[in-house]
Amino acid sequence: MKIAFRLLPGLFAVARLAPDAPMPDWCHHGDLISITRTKEELSIVCAEPPVPAGVVAERGWRILKLKGPFPLNTVGVLAAFAAPLAAAGVSVLPIGTFDTDYVLVHSHQLDRALAALAAAGHLLEPDPRRSRRSS
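In this text, all values refer to a predicted model and were calculated from it rather than measured experimentally.

Rules and cut-offs
Residues numbered from 1 in each chain as written. Predicted model: local features only at pLDDT ≥ 70, side-chain atom pairs only at ≥ 80, totals over all residues. Heavy atoms only, no water. Patch = residues over 30% accessible without salt bridge, like charges linked within 9 Å, V, L, I, M, F, W, Y side chains within 5 Å. Areas by Shrake-Rupley, 256 points an atom, 1.4 Å probe, with all protein chains shown as cover. Salt bridge = Lys/Arg side-chain N within 4 Å of Asp/Glu carboxyl O. Helix = DSSP H or I, 4+ residues; strand = E, 2+ residues; numbered from the N terminus. Polar contact = N/O pair within 3.5 Å; in protein donor to acceptor, adjacent residues only side chain to side chain. Contact = heavy atoms within 4.5 Å. Phe/Tyr/Trp six-rings, centres within 6.5 Å; stacked < 30°, edge-to-face > 60°. Buried < 20%, exposed > 50% of the residue type's maximum accessible area, 1.4 Å probe, protein only.

1. What about a nonpolar patch on the surface?
Here is step 1: Taken together, the side chains of Met23, Ile33 and Ile35 define a hydrophobic patch exposed on the protein surface, amounting to about 220 Å² of accessible area.
Here is step 2: Tracing the chain through its elements places isoleucine 33 in the loop between β2 (12-17) and β3 (34-37).

This is the structure we're talking about:
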């Protein structure tokens, strides 16, 4: 299975707050926000710049957006994408949505990740915002 994907602009952070913490105002910026609340934590993936210095967070993530939508019963999408990354020693953090999957890789591993995905036949598409011509 060959998958088209695109690199979202900017750096992202994965923040961990107390499970009963209120939703912070700083998390509502950027091209992706993923919020998960469990009994153990409030986990937020969001644009890195607005995350305050005192917040427990892992910073420096880049996000690869798989070109969907993929029906929810499709088998093997994430596995086909993650396998070449694992073989190249690239750590990933996947996020699934109704339409598609997102894969976070650390910025220091981005070049290795892109090379591994290209070698596996996956296609990096240009950011449509950068490919538009101004009239």
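2. Thoughts on the side chain of threonine 100
Here is step 1: Here threonine 100 lies in the loop between β6 (92-96) and β7 (101-106).
Here is step 2: From its side chain, threonine 100 meets the backbone oxygen of leucine 66 in a polar contact 2.6 Å long.
Here is step 3: Those residues in contact with threonine 100 that lie beyond four places of it in its chain are Lys65, Leu66, Lys67, Gly68, Phe70 and Ile95.

3. Things to note about the packing of aromatic side chains
Here is step 1: In total, this model carries 1 aromatic pair according to the counting rule given.
Here is step 2: Summarising the aromatic geometry, the rings of phenylalanine 5 and phenylalanine 81 are spaced 5.2 Å apart at their centres and angled 75° between planes, so their arrangement reads as edge-to-face. Of the two residues, phenylalanine 5 sits in strand β1 (residues 4-7) while phenylalanine 81 sits in helix α1 (residues 77-87), which places them 76 residues apart along the sequence.
Here is step 3: You can call phenylalanine 81 buried: its relative accessible area is 0%.

Purely geometric stuff here, so don't read any function into it on its own.
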